Amino acid sequence: MNTAEKEDRYEKVLQSIRAKIDGEDDLITVLSTISCELYHAFEHLNWVGVYRRVNERTLKVGPYQGTHGCLTIDMDRGVCGACVREESIIIIKDVSTVDDHIACSSDTKSEIVLPIMGKSGTVLAVLDLDSTALEAFDEMDKEYLSKVVDWIRPLYDRYSSRYIEENQ
Ligand code: SME
């Protein structure tokens, strides 16, 4: 897929997600819809979903679409853990070069993980996309997926007390 095709695909899928989640205020419903729509928009994706922070040290999987996702990730581990610790978007062009990568599927070759921050800047969850292609993610993915994260954030703020106390 060339750059123009990828951009077009993102424009269409984000439009579709926006229309579907418009007016929806249930966090799990929105996260499920986002995972599903993104997963089916790009053939190279083998996993799209969320790891939610359930306490200071622990991330739990779901909702997601794709192959098996490890159920629990310690904050000290993996690309998802690094994303929470560093509070920044991480793109891994080749997961085989990262010692700390948690291989939930041997088919995964590259990935992008974005933090979902609460009001006070606490990372409440991460959005994780895995690809069967090397170097699948770039600045364009960062840009479009950041918009998706911005749609999730207000809902997470509203529901955050169910998952983690902001000042814990
Ligand atoms: N990519 C993650 C593990 C989760 S899965 O790939 C679904 C990581 O290394 O943190």
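Higher on the page you've got the structure.
Residues numbered from 1 in each chain as written. Predicted model: local features only at pLDDT ≥ 70, side-chain atom pairs only at ≥ 80, totals over all residues. Heavy atoms only, no water.

Asks: Hey, could you run me through the site of the ligand in this one?
Replies: In the vicinity of the ligand, the residues found are Trp47, Tyr51, Ile73, Gly78, Val79, Cys80, His101, Ile102, Cys104, Glu111, Asp128 and Asp130. In the model, an oxygen atom of the ligand is placed 2.7 Å from a nitrogen or oxygen of the Cys80 main chain. One of the backbone N or O atoms of Ile102 is found 2.9 Å from an oxygen atom in the ligand. Burial of the ligand by the surrounding chains reaches 99%, relative to a free accessible area of 300 Å². Class assignment for the residues of the shell around the ligand results in seven nonpolar, two polar and three charged. (Near = heavy atom within 4 Å. Polar contact = N/O pair within 3.5 Å; in protein donor to acceptor, adjacent residues only side chain to side chain. Areas by Shrake-Rupley, 256 points an atom, 1.4 Å probe, with all protein chains shown as cover. Nonpolar A, V, L, I, M, F, W, Y, C, P; charged D, E, K, R; others polar.)

Asks: Just checking my understanding: could you explain the nonpolar core for this structure?
Replies: Across soluble globular proteins, you tend to see nonpolar side chains buried next to one another. Among the nonpolar cores identified, the biggest contains 32 residues, and Tyr10, Leu38, Leu127, Leu129, Ile152 and Tyr156 are the most heavily contacted of them. Of all the secondary-structure elements, those providing two or more residues to this core are helix H1 (3–21), helix H2 (27–41), strand S1 (45–53), strand S5 (110–117), strand S6 (123–131) and helix H4 (139–163). Broken down by element, the residue count for this core peaks at eight residues, all from H4. If we skip the residues at most four places from it in the chain, Leu129 touches Leu45, Trp47, Val48, Ser110, Glu111, Ile112, Phe137 and Leu145. (Core = buried A, V, L, I, M, F, W, Y, C linked by side-chain atoms within 4.5 Å. Buried < 20%, exposed > 50% of the residue type's maximum accessible area, 1.4 Å probe, protein only. Helix = DSSP H or I, 4+ residues; strand = E, 2+ residues; numbered from the N terminus. Contact = heavy atoms within 4.5 Å.)

Asks: Honestly, the state of the cysteines in this entry has me stumped. Any pointers?
Replies: One way to say it: the disulfide is the covalent bond shared by the sulfur atoms of two cysteines. Enumeration over the complete set of coordinates arrives at one disulfide. Each sulfur of the disulfide joining Cys70 and Cys104 lies 2.3 Å from the other. Disulfide Cys70 to Cys104: torsion about the S-S bond roughly -130°, handedness left-handed. Of the two residues, Cys70 sits in the loop between strand S2 (58–66) and strand S3 (72–74) while Cys104 sits in the loop between strand S4 (90–92) and S5, which places them 34 residues apart along the sequence. For Cys70, a relative accessible area of 17% translates into the label buried. Cys36 carries a free sulfur, and the closest cysteine sulfur to it, the one in Cys104, is 20 Å from it. (Disulfide = S-S within 2.5 Å.)

Asks: Looking at this structure, I do not really get the side chain of Asn46. What am I missing?
Replies: Looking at the secondary structure, you find Asn46 in strand S1. Contact partners of Asn46, with chain neighbours within four places excluded, come to Tyr39, Gln65, Gly66, Thr67, Ser105, Asp107, Thr108, Asp130, Ser131 and Thr132.

Asks: Help me understand H2 in this model?
Replies: Helical periodicity: at 3.6 residues per turn, an α-helix aligns residues three or four positions apart in one direction. The first and last C-alpha atoms of H2 sit 21 Å apart over 15 residues, in line with the 21 Å expected at 1.5 Å per residue. Where H2 is concerned, the buried positions are Leu27, Val30, Leu31, Thr33, Ile34, Ser35, Glu37, Leu38 and Ala41. By the N-cap criterion, in which a side-chain oxygen at the helix start approaches the backbone nitrogen of a residue two or three places on, H2 is capped by Asp26, the distance to Ile28 being 3.1 Å. (Expected span 1.5 Å × (residues − 1).)

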